[in-house]
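Observations on the three-dimensional arrangement
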Amino acid sequence: MKKVDSFKILTAPAVIFVFVLFAYMLFVYIYMSIPIFQWEGCGIYLTNIWHASEIPAEEYYGIAAAIWGSVYTSIIAVVIALPLALSYSIFVNDFAPPRIKNAVIVTSDVMAGLPTIIYGIWGAYVLVPFLRQWVMMPLYSTLSFIPLFSYPPVSGYSYLSAGVLLGIMVTPFASAIIREAYASIPHTYREAAYSLGLSRYEVTRIVAGMIRPAMVSGLLLAFGRAIGETVAVSLVIGNTFNMSISLFSPGYTISSLIANQFGNAFIYEHMTSALFAGGLALFVIGTAINMAGLLYLRRWKQNVKF
Amino acid sequence: MSNYAIETRNLKIAYGKKEVIKGVNFKIPEKIVFALMGPSGCGKSTLLRSFNRLLDLNKDARVSGEALLFGQNIYGENVDVMSVRREIGMVFQYPNPFPHLTIYENIAIGLRLNKIVQGREELDSRIKWALEKASLLDEVEDRLDDYPSALSGGQKQRLVIARVLAMKPKVLLLDEPTANVDPVGTKNIENLLMELKKEYTIVLVTHEPAQASRISDYVGFLYLGELVESGPTARIFENPKHELTDRYVRGILA
Amino acid sequence: MLSFRQIKDKIFVGLVLAGTFAALFPLFHIICTVVIMGLPAILSRGLVFFTGTLSQGGIGPALYGTFMLAFLSSLIGLPVAFLVGLFVYEYPESKLGGFVKSLLQIMLEFPTILVGVFVMSIMVIPMGTYSALAGAFALAIIMIPYVAVYTAEAMHHIPTTYREASFSLGLSRVKSVFHVLVPMAKRGIMTGVLIAIAKVAGETAPLLFTAGGLYETYPQGVTSPVGAIPLLIYTLIQSPSPADHATAWGAALVLLLIFIGVFVPIRMSLKEVKM
């Protein structure tokens, strides 16, 4: 006789609820996107046109600029986050005296949890003017022949501002993963390397080489966080339908596009569906990147047995 | 009703593909101390846990063959696992009274949650009775509302025994109960077991042959998952039939 | 005379220190800026800042709304999260258990704006109004994975021997888990709950299209709109009025203090947190 497990009966509804909720969420994004695909096909993702009109036949939405902006700012973010997170992990594990070590870790954890709107207000008032004056202006005035620096930094709201702010915001997430991985390398390897007469730099390079997969997953997860971030980005990116490689150009991201347009989208026939299609893209990209990061991390944790 | 408290018939236990108990057969008469001895890793703790169906908690563990409790196969089809566990009390190697409960509550919890006693008075008297049986009442009577962290290792272990006795089990299983207890505490627990065997069947796992010879009536020697030899303690220690047993009881193998 | 190798080593140490500094310095700058900008706004308006409506120069309704949303979202999210966490703990090797675990991790990383838009389409549109309930539901979805993961982890930290002891008393799984083991893990579970509440109290994006915002009167009930401090800040920064900016900084200081007040004490009593 197989007895029914009353524990399962008690907990299963909650588990099913979470599953159904997530599946329903995916369903809603797909279902709500269908009208725009029917209206303009893949143009929604492939073109950079935002033509809202009270005459439905004239409406056309292409969010390529926002997709580009999301990816571009997230790349800038991880390019900034990786060296910082790696330095932090080396400092915490190898250099910091115990008391400082704890303070440093707590600081990083506070940064990970800090309300994003606080980053946003600081970014808009402090970071953007700072970057404009000390980074963008000098680079533009000297190196504007390089496409990367070719856009005149009029307002300062730009891919670069968004990328730097995101970089600051996601560094703690990458840090937590890399620090943990770095700490998991047994001390004996460090001793072995030192005993060969190697310098600190050389020893660290060997040890850091052992956690390369964890760095990759830290990068992926940081990218996943960055691409989903909304309010802080929308306050510093300029919210303009640009599609440019120039760092100083204002732009859009999918999430800031939704944040800015969704409230009024119901006025138009197709805009809501267009924004849901944007959400669907974010859903798919974000989930895929995060899953890759988590899988990578899990596999590393399983394979590495020191 | 069988005359034996516990009997195994070709009992095999495996974790995943690794077989740790390779088909053992023995019979444990009622109201005696039966000691299962053997070197660490021989499977004695696993075997002991199988009598309480505690291996059910481990997804990898597979049990085949039969283990009979008073003639009833506890791995049979219609067995109520929870009532089997109530009839067989288990004491663990690490003294594990629940740290978040008071001494009183530690004993009360099984009685309350299993709805064994009704009312505060009956509960009080059952708890006193169990502490008395576990020879702990004198030491803790005036501090029943303290937490067990204040107790010594030996006292903690006797509290665990009281927790088990309160359920009025028929069989007591003890997994190296003195391994984490100082010599004085060990002596107290051994004396207690000698007392308890008048009413209960006791199965004791130990890795010390000396302890087995001190307090058991029957002994089984387990080596690499096989029961090498079992029988009356005096006979096994004085005249072992198997060479491995001989070497073990003389302390060479351990 | 330093060799090339020694110079390289010095540079390396310098870079590590500089990188660590760059990673952490923003927090100090943020805290200082928020205090410098926010404190005058609060001090000049006094108690009105905490109780008054927006036109009176206060954030009273938003403050109230934040607590209301935190409370409501806990009411919705915690029971679900707690049970899911226990499920994950009890069936770690089962297929479903592993699946749920992965889902929770994906939800931890999930873009919060998408949760807000989802809740708008399943609650706000059918109900015909923004509401505290919709905002709280969105926050509950964000809260669930945190609490579930913390619950499962707190349970994992209980040594196996207590689990065995509890089952060996003949208790059912329900009784063992709920009456013996959960009380043992109470502290760890509470930690997760508090961290999750601190987290959702600071969320903005999920509230954008769900809570509606309400700053001139105090909330009427769960089915009508509410404001929240993060949402208010987001609205005010985009306003051209300097008075609004001052209010935004004051509100940011309040939010920062709430977050640090909840988060730091918990964090100090712990080894590890997961955000």
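Above this note sits the structure.
In every chain, residue numbers begin from 1 and rise along the written sequence. Here chains are named by letter from A upward and ligands by number from 1 upward, in the order in which they appear as written. Reporting of local features is limited, given that this is a predicted model, to residues whose pLDDT is at least 70; pairs of side-chain atoms are given and counted only at 80 or more, and all residues count toward the totals for whole chains, interfaces and linings. Side-chain calculation: all heavy atoms of the structure are included, whereas hydrogens and water are not.

What follows deals with the interface of chain A and chain C. Taken together, the contact pairs 75 residues of chain A with 80 residues of chain C. A simple way to read buried area is as the amount of 1.4 Å-probe accessible surface that goes missing from two parts once joined, with both sides added. Approximately 7,400 Å² of surface area, both sides summed, lies buried where chain A meets chain C, with 78% of it carried by carbon and sulfur atoms. In terms of surface lost to chain C, no three residues of chain A exceed A:Phe7, A:Ile121 and A:Tyr125, which account for 9% of the buried area on that side. Whenever Lys or Arg places a side-chain nitrogen within 4 Å of a carboxyl oxygen from Asp or Glu, that contact is recorded as a salt bridge. At the junction of chain A with chain C, the criterion picks out five salt bridges. C:Arg5 serves as the salt-bridge partner of A:Glu202, at 2.9 Å between the closest nitrogen and oxygen. Ranked by the residues each element gives to the side of chain A that touches chain C, the list is headed by helix H1 (residues 6-40) of chain A, at 16 residues. Any two residues whose heavy atoms approach within 4.5 Å at even a single point are treated as in contact. Put simply, DSSP marks the helices as runs of H or I at least four residues long and the strands as runs of E at least two long, and each gets a number from the N terminus on.

Hydrogen bonds between backbone groups are what pair the strands of a sheet, and the pairing can be parallel or antiparallel. Residues and elements named next belong to chain B. A strand pair is defined by DSSP finding two or more bridges across the two strands. Spatially, E6-E7-E8-E3-E9-E10 is the arrangement adopted by the six strands of the open sheet, whose pairing is mixed. The sheet terminates laterally at strand E6 (88-91) and strand E10 (226-232), the two strands that pair on one side only. Neighbouring strand axes in the sheet, compared pairwise and without regard to direction, differ in orientation by 15 degrees on average. The pairing of strand E7 (residues 171-175) with strand E8 (residues 201-206) spans five bridges and is classified as parallel. Counterpart to aspartate 175 in the pairing with E8 is valine 205. Lines are fitted to the C-alpha atoms to define the axes, a helix being fitted only along its stretch in contact, and any angle between axes, read from their N-to-C directions, falls within 0 to 180 degrees. Relative to the sheet, helix H6 (residues 153-165) contacts E6 and E7, its axis offset from that of E6 by approximately 165 degrees.

Moving on, we get to the environment of C:Ala185. All names here are of chain C. On the secondary structure map, alanine 185 appears in the loop between helix H8 (173-184) and helix H9 (186-201). Residues alanine 185 and alanine 154, 31 residues apart in the sequence, show an inter-C-alpha distance of 5.6 Å. If near-sequence neighbours (up to four positions away) are discounted, alanine 185 is found in contact with Ala154, Met155 and Ile158.

Applying the stated criterion across every chain, the model contains 26 salt bridges over all chains. As a salt-bridge pair, B:Arg214 and B:Glu190 come within 2.6 Å of each other at their nearest N and O atoms. A residue pair is termed long-range when its members are at least 10 positions apart, and B:Arg214 in helix H8 (residues 209-215) and B:Glu190 in helix H7 (residues 183-196) qualify at 24 residues. In this structure, B:Arg235 and B:Glu229 form a salt bridge, with 2.9 Å as the shortest nitrogen-oxygen distance. Relative accessibility thresholds used throughout: buried, under 20% of the residue-type maximum; exposed, over 50%; partly exposed, between the two (1.4 Å probe, protein chains only). Assessed through its relative accessible area of 24%, B:Arg235 is described here as partly exposed. We classify B:Glu229 as buried; its relative accessible area is 7%. Connected through shared salt-bridge partners, A:Asp5, C:Glu90, C:Arg163 and C:Arg173 make up one network.

Time to look at the packing of H1(A) against helix H6 (residues 132-156) of chain C. Running from N to C, H1(A) and H6(C) point in directions that differ by 115 degrees, and their axes come no closer than 12 Å. By the angle between their axes, H1(A) is roughly perpendicular relative to H6(C). When the axes of H1(A) and H6(C) are compared, the crossing they make is left-handed. In this structure, H1(A) contributes A:Phe17, A:Val18 and A:Leu21 to the contact, and H6(C) contributes C:Phe137, C:Ile141 and C:Ile144. Here the residues of the contact of H1(A) with H6(C) are counted per class, giving six nonpolar, no polar and no charged. Convention used here: angles under 35 degrees read as roughly parallel, angles over 145 as roughly antiparallel, angles from 65 to 115 as roughly perpendicular, and any remaining angle as oblique. Note on convention: the crossing is left-handed when the near helix lies turned anticlockwise from the far helix by less than a right angle, right-handed when the turn is clockwise. Just so you know the grouping, Ala, Val, Leu, Ile, Met, Phe, Trp, Tyr, Cys and Pro go in nonpolar, Asp, Glu, Lys and Arg go in charged, and all remaining residues, Gly too, go in polar.

Any two of the Phe, Tyr and Trp rings considered here, Trp counted by its six-membered ring, make a pair once their centres fall within 6.5 Å; the pair's planes then place it as stacked at under 30 degrees, edge-to-face at over 60, or tilted in between. Scanning all chains against the criterion turns up 34 aromatic pairs over all chains. Plain terms: the ring middles of A:Phe7 and C:Tyr91 are 6.1 Å apart, the flat faces sit at 55 degrees to each other, and that makes the pair tilted. With one member in each of two chains, A:Phe7 in helix H1 and C:Tyr91 in the loop between helix H3 (60-90) and helix H4 (95-109) form a pair that bridges those chains. Residue class for A:Phe7 comes out buried when judged on its relative accessible area of 0%. Taking the relative accessible area as the measure of exposure, C:Tyr91 reaches 3% and is therefore buried. Taking the centre distance of 6.3 Å and the plane angle of 80 degrees together, the rings of A:Phe95 and C:Phe12 count as edge-to-face. One end of the pair, A:Phe95, is in helix H3 (residues 64-95); the other, C:Phe12, is in helix H1 (residues 4-45), on a second chain. A relative accessible area of 22% means that A:Phe95 is categorised as partly exposed. Of the aromatic side chains, those joined through ring pairs into one cluster are A:Phe22, A:Tyr29, A:Phe262, A:Phe276, A:Phe283, C:Phe110 and C:Phe209.

Glancing now at the nonpolar core. Take the buried residues of types Ala, Val, Leu, Ile, Met, Phe, Trp, Tyr and Cys, join any two whose side-chain atoms come within 4.5 Å, and each joined set is a nonpolar core. Grouped together as the largest cluster of nonpolar side chains are 243 residues, with contacts concentrated most on B:Leu47, C:Val84, C:Ile113, C:Met155 and C:Ile233. Top element by residues in this core is H6(C). It accounts for 17 residues. In contact with C:Ile113, not counting residues within four places along its chain, are A:Tyr29, A:Gly228, A:Thr230, A:Ser255, A:Ile258, A:Ala259, A:Leu282, C:Ala205, C:Leu208 and C:Phe209. Within the second largest apolar cluster, 36 residues are counted, among which are B:Tyr104, B:Ile107, B:Ile127 and B:Leu193.

What follows is about unusual backbone geometry. Glycine aside, the phi torsion of most residues is negative, and most peptide linkages are trans. Residues and elements named next belong to chain B. For serine 135, which is not a glycine, the phi torsion comes out positive at approximately 50 degrees. Exposure remark for serine 135: the relative accessible area of 41% places this residue in the partly exposed category. Of note, the phi angle at leucine 224 is positive, near 50 degrees, even though the residue is not glycine. Within the secondary structure, leucine 224 is located in the loop between strand E9 (218-223) and E10.

We now examine the side chain of C:Thr247. With respect to the secondary-structure elements, C:Thr247 resides in helix H11 (residues 242-268). With residues near it in sequence (within four places) discarded, C:Thr247 still touches C:Arg45, C:Phe49, C:Leu54, C:Ile59 and C:Leu236.

Let us now look at the interface of chain B and chain C. Listed by partner, the interface residues are 24 residues for chain B and 20 residues for chain C. The largest contributions to the chain B side of the interface with chain C come from B:Leu57, B:Lys59 and B:Leu113, which together make up 29% of the buried area. Counting the contacts that link chain B with chain C gives one salt bridge. Between B:Arg49 and C:Glu164 there is a salt bridge, and its shortest N-O distance comes to 2.6 Å. Under this definition, polar contacts are N or O atom pairs within 3.5 Å; protein pairs additionally need one hydrogen-donor-capable and one acceptor-capable atom, and for neighbouring residues in sequence, both atoms have to be side-chain atoms. The interface formed by chain B and chain C holds six residue pairs in polar contact (both at pLDDT 80 or more) in total. Those elements that place two or more of their residues in the side of chain B that touches chain C are helix H2 (81-87), E6 and helix H3 (103-113) of chain B. Residues of the side of chain B that touches chain C, tallied by class, amount to 13 nonpolar, five polar and six charged.

On to the pairing of E7(B). Residues and elements named next belong to chain B. Across the five residues of E7, five count as buried, placing the element largely inside the fold. Burial along E7 is two-sided: Val171, Leu173 and Asp175 and Leu172 and Leu174, pointing in opposite directions, are all buried. The definition of a right-handed crossover adopted here requires that, viewed with the strands pointing away, the path from the first strand over the helix to the second runs clockwise. Each parallel crossover has a hand, and the one from E7 via H7 to E8 is right-handed.

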